[in-house]
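Listed below, chain by chain, are the residues.
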Amino acid sequence: MALLEAKDGVAMTPYEKNLDFWRQLWRVLERSQAVVQIVDARDPLFFYSPDLDAYAKECGCQTAVLLNKCDLLTPIQLTAWRQYFQTAGTRALFFSAKPAGSEADEDAQDVAQAEADEAAAIHVNESMPKVLAPDGLAEALADLAAEASLASSSSATGVPVVGLVGYPNVGKSSSINALLRAKKVPESATPGRTKHLQTLPLGDRLVLCDCPGLVMPQFVGTSADLVVHGVLPIDNMRDCLGPVQLLCDRIDRQALAEVYGLRLPEPPEPLTAAGLLTAYAELHGYTTGHGVPHLDRAAREILKDSVTGRRKALVYCQAPPGLQQIDGVDFNSRPSELSIKTATMSMTAAAGEDREDAASVAAASLTDFDKQFFAEKTADVRFRATGRPQGHSGAEQTGKSWKRHNNSSKREKLRRVYRHLDQ
Ligand SMILES: Nc1nc2c(ncn2[C@@H]2O[C@H](COP(=O)(O)OP(=O)(O)OP(=O)(O)O)[C@@H](O)[C@H]2O)c(=O)[nH]1
Ligand SMILES: [Mg+2]
């Protein structure tokens, strides 16, 4: 691995190089009768490893894939992924360890009604997958374990073990806590939280096994990709422009402008990472010691919003292979962005040929759509009426906006009031 990294310049994560994590994966596979790969539902194939699935089957385990974070997908997106996994013959379970709205921001609340209406409208559609409640998931896992031929004999206690494996930060520990209805294992928004495997009984029918997050070696990925997918810690990233450029290419520019109250360049001028970060840093008054916009700080905030899914308007969901990303607004990439995306397609990990095909077809049919789309745009500057971006407790927009606390006069006043106490 080190040789490949040095010679070919491929990005290797600390997870891939940590032999202890691999040892723990083998131990989980050894003791489990069923192995569930947990993936982030926003881009399941990025996180899904067919090799691991095949290996687990070789070890005599029943396997399934669990799409977690389904609260971040629309019913149409869920349906598309269900159809994909059905066609692929992979058993897929849909789950949300954090129910929708538990960390909702204002955006989420705004769209909640619209989504509820959409869901109601789509409810009649039988192909929409059922997002399981914890009890339903426990039932499904018990069925899976029961199906394993050696379910009872190979487990020391006779109770089948279900191993939950997957990339860091996909929600393995959160899913276990949701199943147990208690915070039994630590969870964190920073990837790499779980360091040692842990087994926990779920009633007397099942034992769950939490595993440290693992990155399957995949030489097509870039570290920028791993950051935007939440696999590498945002606070440790060295280059902030790469990951933010991916967001610029994927997320609707208008949504970015509206959510953050930014003034961004109008198409056809491309939206660059530096442009977005400068606008954001200037709005919040984030500057370095020399008065230069603090791009790293801006990048960390924007990337965290995106990775946590805190701002639903900025959630990017990958379309299944064979379904063009352009088919939606549902898969929330605008056609204008797809032209740029085609260029960066080779960088997209686990993208596969299907995704590339989809992007190139989309790019070919861009021209007319672009004209129509840009023609509808007004030239207005898009500042929010409040003048203050949502969510971040940033500085005031007037005066010395970079000052966090404009309360020096208040301090002075208090000093005068209490001066007699100092004497
Ligand atoms: N929106 C949403 N967030 C979730 C969901 N499940 C987990 N998360 C968040 O994802 C982050 C990672 O969760 P963990 O359970 O620690 O992930 P993990 O897979 O155990 O990560 P490692 O221990 O690093 O391998 C946390 O910030 C959770 O709050 C979900 O269903 N929806
Ligand atoms: Mg964990």
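Residues numbered from 1 in each chain as written. Chains lettered and ligands numbered in written order. Predicted model: local features only at pLDDT ≥ 70, side-chain atom pairs only at ≥ 80, totals over all residues. Heavy atoms only, no water.

So, the overall build of the protein
In terms of helices and strands, the protein carries 19 helices and seven strands. When burial is assessed residue by residue, the protein has 48% of its 423 residues classed as buried. In the protein, the share of contacts with a sequence separation of at least 24, taken over all contacts with a separation of at least 6, comes to 70%. By element, 53% of the accessible surface of the protein is carried by carbon and sulfur atoms, the whole surface being about 21,000 Å². (Helix = DSSP H or I, 4+ residues; strand = E, 2+ residues; numbered from the N terminus. Buried < 20%, exposed > 50% of the residue type's maximum accessible area, 1.4 Å probe, protein only. Contact = heavy atoms within 4.5 Å. Areas by Shrake-Rupley, 256 points an atom, 1.4 Å probe, with all protein chains shown as cover.)

A short note on helix 8 (residues 134-147)
Quick reminder: α-helices carry 3.6 residues per turn. Residues three or four places apart thus point the same way. Taking 1.5 Å as the rise per residue, helix 8 with 14 residues should run 20 Å; its terminal C-alpha atoms sit 20 Å apart, in good agreement. Taken residue by residue, helix 8 has Pro134, Leu137, Ala138, Ala140, Leu141, Ala142, Leu144 and Ala145 as its buried positions. (Expected span 1.5 Å × (residues − 1).)

Re the pattern of salt bridges
Under the definition given, this model contains 12 salt bridges. Residue Arg250 pairs with Asp225 through a salt bridge whose shortest N-O separation is 3.4 Å. Of this pair, Arg250 sits in helix 11 (residues 241-250) while Asp225 is found in helix 10 (residues 223-228), placing the two residues 25 residues apart along the sequence. The class for Arg250 is buried, based on a relative accessible area of 7%. By relative accessible area, Asp225 is classed as buried at 1%. For the salt bridge of Arg300 with Asp235, the shortest nitrogen-to-oxygen distance reads 3.9 Å. Separated by 65 residues along the polypeptide, Arg300 in helix 14 (residues 295-308) and Asp235 in the loop between helix 10 and helix 11 bring together distant segments of the chain. (Salt bridge = Lys/Arg side-chain N within 4 Å of Asp/Glu carboxyl O.)

Quick word on the site of ligand 1
For ligand 1, the set of nearby residues contains 24 residues, the closest of which are Asp71, Lys172, Ser174, Gly192 and Thr194. Separating an oxygen atom of ligand 1 from a side-chain N or O atom of Ser96 is a distance of 3.3 Å. In isolation ligand 1 offers 660 Å² of accessible surface; the protein chains occlude 93% of this area. With three residues, helix 9 (residues 172-180) is the single largest residue contributor to the shell around ligand 1. When grouped by side-chain class, the residues that make up the shell around ligand 1 number seven nonpolar, 10 polar and seven charged. (Near = heavy atom within 4 Å. Polar contact = N/O pair within 3.5 Å; in protein donor to acceptor, adjacent residues only side chain to side chain. Nonpolar A, V, L, I, M, F, W, Y, C, P; charged D, E, K, R; others polar.)

Details of the coordination of the magnesium ion (ligand 2)
For the magnesium ion (ligand 2), the full set of protein donor atoms is Ser173 (OG) and Thr194 (OG1), and the range of their distances to it is 2.0 to 2.1 Å. Taken together, the residues span a long stretch of sequence, with Ser173 in helix 9 and Thr194 in the loop between helix 9 and strand 6 (198-202) at a distance of 21 residues. Taken as a pair, Ser173 and Thr194 share a single burial class, namely buried. (Donors = N, O, S within 2.8 Å, 3.2 Å for Na, K, Ca; no water.)

Digging into empty space enclosed by the protein
All chains considered together, the criterion is met by four cavities of 30 Å³ or more. Approximately 180 Å³ is the volume found for the largest cavity. Looking at the largest cavity, the residues that line it are Asp40, Arg42, Asp43, Phe47, Val228, His229, Leu247, Arg250, Ser306, Leu314, Val315 and Tyr316. Here the lining of the largest cavity is composed, by residue class, of six nonpolar, two polar and four charged. Residues from two domains meet in the lining of the largest cavity; each of domain 1 (18-107 + 114-210) and domain 2 (221-315) gives at least three. (1 Å grid on protein atoms, 1.4 Å probe; cavity = no way out; pocket = protein on both sides within 12 Å on 5 of 7 lines; lining within 4 Å. Points joined across faces, edges and corners; volume = space filled by probe spheres on them. Domains from an automatic or database assignment.)

Describing the environment of Ala148
By the element assignment, Ala148 lies in the loop between helix 8 and strand 5 (161-166). When its relative accessible area of 5% is taken as the criterion, Ala148 is described as buried. Sequence-wise, Ala148 and Gln33 are 115 residues apart; in three dimensions their C-alpha atoms are separated by 6.0 Å.

Describing the packing of aromatic side chains
Applying the stated criterion to the full structure yields nine aromatic pairs. Ring geometry for Phe46 against Tyr167: centres 6.2 Å apart, planes inclined by 50°, an arrangement best described as tilted. A residue pair is termed long-range when its members are at least 10 positions apart, and Phe46 in helix 4 (residues 44-47) and Tyr167 in the loop between strand 5 and helix 9 qualify at 121 residues. Among the residues examined, Phe46 registers a relative accessible area of 2% and is labelled buried. Judged by its relative accessible area of 3%, Tyr167 falls in the buried class. (Phe/Tyr/Trp six-rings, centres within 6.5 Å; stacked < 30°, edge-to-face > 60°.)

Observations regarding the environment of Val35
Note on placement: Val35 falls in strand 1 (residues 34-40). In this structure, the C-alpha to C-alpha distance between Val35 and Val65, residues 30 residues apart in sequence, is 8.6 Å. Setting aside residues no more than four positions away along its own chain, Val35 makes contact with Leu29, Ala56, Cys61, Gln62, Thr63, Ala64, Gly163 and Val165.

Digging into the pairing of strand 6
Bridge analysis of strand 6 against strand 7 (residues 206-210) gives five bridges, and the strand direction is antiparallel. Bridge pairing links Leu202 to Leu206 in strand 7. What sits between the antiparallel neighbours strand 6 and strand 7 is a turn of three residues, in which Gly203 has the positive phi angle 65°. (Pairing = 2+ DSSP bridges.)

Observations concerning the packing of helix 13 (residues 273-284) against helix 14
Where helix 13 contacts helix 14, the axes come no closer than 8 Å and their chain directions differ by 95°. With respect to their mutual orientation, helix 13 and helix 14 come out roughly perpendicular. Contacts between helix 13 and helix 14 involve Leu276, Leu277, Thr278, Tyr280 and Ala281 from the first element and Leu295, Ala298, Ala299, Glu301 and Ile302 from the second. Here the contact of helix 13 with helix 14 is built from residues that sort into eight nonpolar, one polar and one charged. (Axes fitted to C-alpha atoms, helices over the stretch in contact; angles between N-to-C directions. Parallel < 35°, antiparallel > 145°, perpendicular 65-115°, else oblique.)

A few points about the nonpolar core
Grouped burial of nonpolar side chains is what soluble globular proteins tend to show. Leu67, Leu141, Val162 and Leu276 are the most contacted members of the largest nonpolar core, which totals 101 residues. Beyond its immediate chain neighbours, meaning those up to four positions away, Leu141 contacts Val36, Leu93, Val162, Leu179, Leu206 and Leu208. (Core = buried A, V, L, I, M, F, W, Y, C linked by side-chain atoms within 4.5 Å.)

A few points about the confidence of the model for the protein
Predicted confidence across the protein gives a mean pLDDT of 75, with 65% of residues reaching 70 or more. Counting interchain partners and residues more than four positions distant, the pLDDT-below-50 stretch residues 119-124 has four contacts. (pLDDT = per-residue confidence, 0-100.)

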